[in-house]
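Coordinate analysis (summary)
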Amino acid sequence: MNCKTADEIEIMRKAGKIVAETLVMVGQQIKPGLKTGKLDQMIEDFIRSNDAIPAFKNYQGYPASACISIDDEVVHGIPGQRAMKEGEIVSVDVGAIYEGFYGDSARTYAVGAISDEKARLLEVTEKCLVAGIDKAKNGNKLGQISAAVQKMAEDAGYGVVRQLVGHGIGRQMHEEPQIPNFGSPDEGPVLMTGMVLAIEPMINMGTHEVKTMPDGWTFVTADGLPSAHFEHTVAVTPNGPDVLTVV
Ligand code: MF3
Ligand code: CO
């Protein structure tokens with residue numbers, strides 16, 4: 001496994017801070033009528049003004065700086081002319097490269113007032129992320145993260161997306177290991193100090209099944225029900241999980 005030194009983790013903390021500050025800015029901007037393409041431009045400008053590079057732009061041909069996914073869109077929604085509406089939930093996924101290292105984080109926002117069902121989905125999905133992060137400890141199995149996320153989601157009656165996974169992160173956005181959001185606690189590699197993980201539950205209100213749209217990027221739920229996504233970049237340290245994507 002690709003472990004980072006303490007110095008490398010400090011650089012990754014800067015990348016993570018830039019991503020986290022970007023997501024704070026996003027939270028201040030989200031409102032009914034805002035076009036996703038406009039928000040993407042603000043995100044790109046914000047990242048570049050912090051001496052960082054938007055990590056997703058041109059990644060395998062991806063055309064924007066952020067992934068912006070509304071309601072039944074799970075992840076990888078491409079920003080454009082669509083305007084956000086009151087009552088929608090909007091997942092914003094942001095990556096930045098700072099001094100050669102990646103930070104990656106996402107959260108799902110409410111646009112104005114949302115239904116109680118959607119509010120519960122956001123709450124539970126964030127709790128899934130926290131439950132996964134709590135297991136990111138030296139000596140644990142990777143599967144303990146997966147199992148903790150799955151239990152939290154399924155106990156609430158939700159579907160855990162299986163087709164997409166979290167990932168190791170460092171000088172590349174996607175490194176080993178893959179981090180499924182479902183599975184048995186005794187599976188996978190043993191976690192070690194210096195590993196940095198992007199943990200990212202994608203939780204559906206209904207079925208876990210997803211499909212891709214004709215644009216080749218956007219994943220949507222198979223049943224059209226809403227989906228939420230929360231992600232942090234987390235280092236495994238001797239003192240436990242250290243979340244790097246914070247302000
Ligand atoms: N955060 C996502 C991931 O971890 C988004 C990257 S997809 C991209 O895979 F194409 F937009 F870059
Ligand atoms: Co990611």
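Right, let's walk through the structure included here. (Residues numbered from 1 in each chain as written. Chains lettered and ligands numbered in written order. Predicted model: local features only at pLDDT ≥ 70, side-chain atom pairs only at ≥ 80, totals over all residues. Heavy atoms only, no water.)

1. Remarks on helix α1 (residues 6–29)
Along its 24 residues, α1 runs 35 Å from first to last C-alpha, staying within 8% of the 34 Å computed at 1.5 Å per residue. Within the span of α1, buried status applies to Ile 9, Met 12, Ala 15, Gly 16, Ile 18, Val 19, Ala 20, Thr 22, Leu 23, Met 25 and Val 26. Buried residues in α1 make contact with α2 (36–49), β4 (89–98), β5 (101–110), β9 (196–199) and β14 (232–237). (Helix = DSSP H or I, 4+ residues; strand = E, 2+ residues; numbered from the N terminus. Expected span 1.5 Å × (residues − 1). Buried < 20%, exposed > 50% of the residue type's maximum accessible area, 1.4 Å probe, protein only. Contact = heavy atoms within 4.5 Å.)

2. Section: the sheet that holds strand β10 (residues 202–204)
Neighbouring strands of a sheet are bound in pairs by backbone hydrogen bonds; such pairs are parallel or else antiparallel. Here we have three strands laid out as an open sheet, ordered β6-β10-β13, and antiparallel in their pairing. The open sheet has two edge strands, β6 (159–160) and β13 (227–229), and neither has a second partner. The sheet contact formed by β6 and β10 spans two bridges and is antiparallel. Residue pairing across strands places Gly 159 opposite Asn 204, the latter belonging to β10. Against the sheet, helix α3 (residues 116–134) engages β10 and β13, with an angle of about 40 degrees to β13. (Pairing = 2+ DSSP bridges. Axes fitted to C-alpha atoms, helices over the stretch in contact; angles between N-to-C directions.)

3. Quick word on α2
Between the first and last C-alpha of α2 there are 20 Å, a value that for 14 residues agrees with the 20 Å anticipated at 1.5 Å per step. Taken together, the buried positions of α2 are occupied by Thr 36, Leu 39, Asp 40, Met 42, Ile 43, Glu 44 and Ile 47. Residues of α2 that are buried make contact with α1, β1 (53–54), β2 (66–70) and β4. Just beyond α2, the residue with positive phi is Asp 51, at close to 60 degrees.

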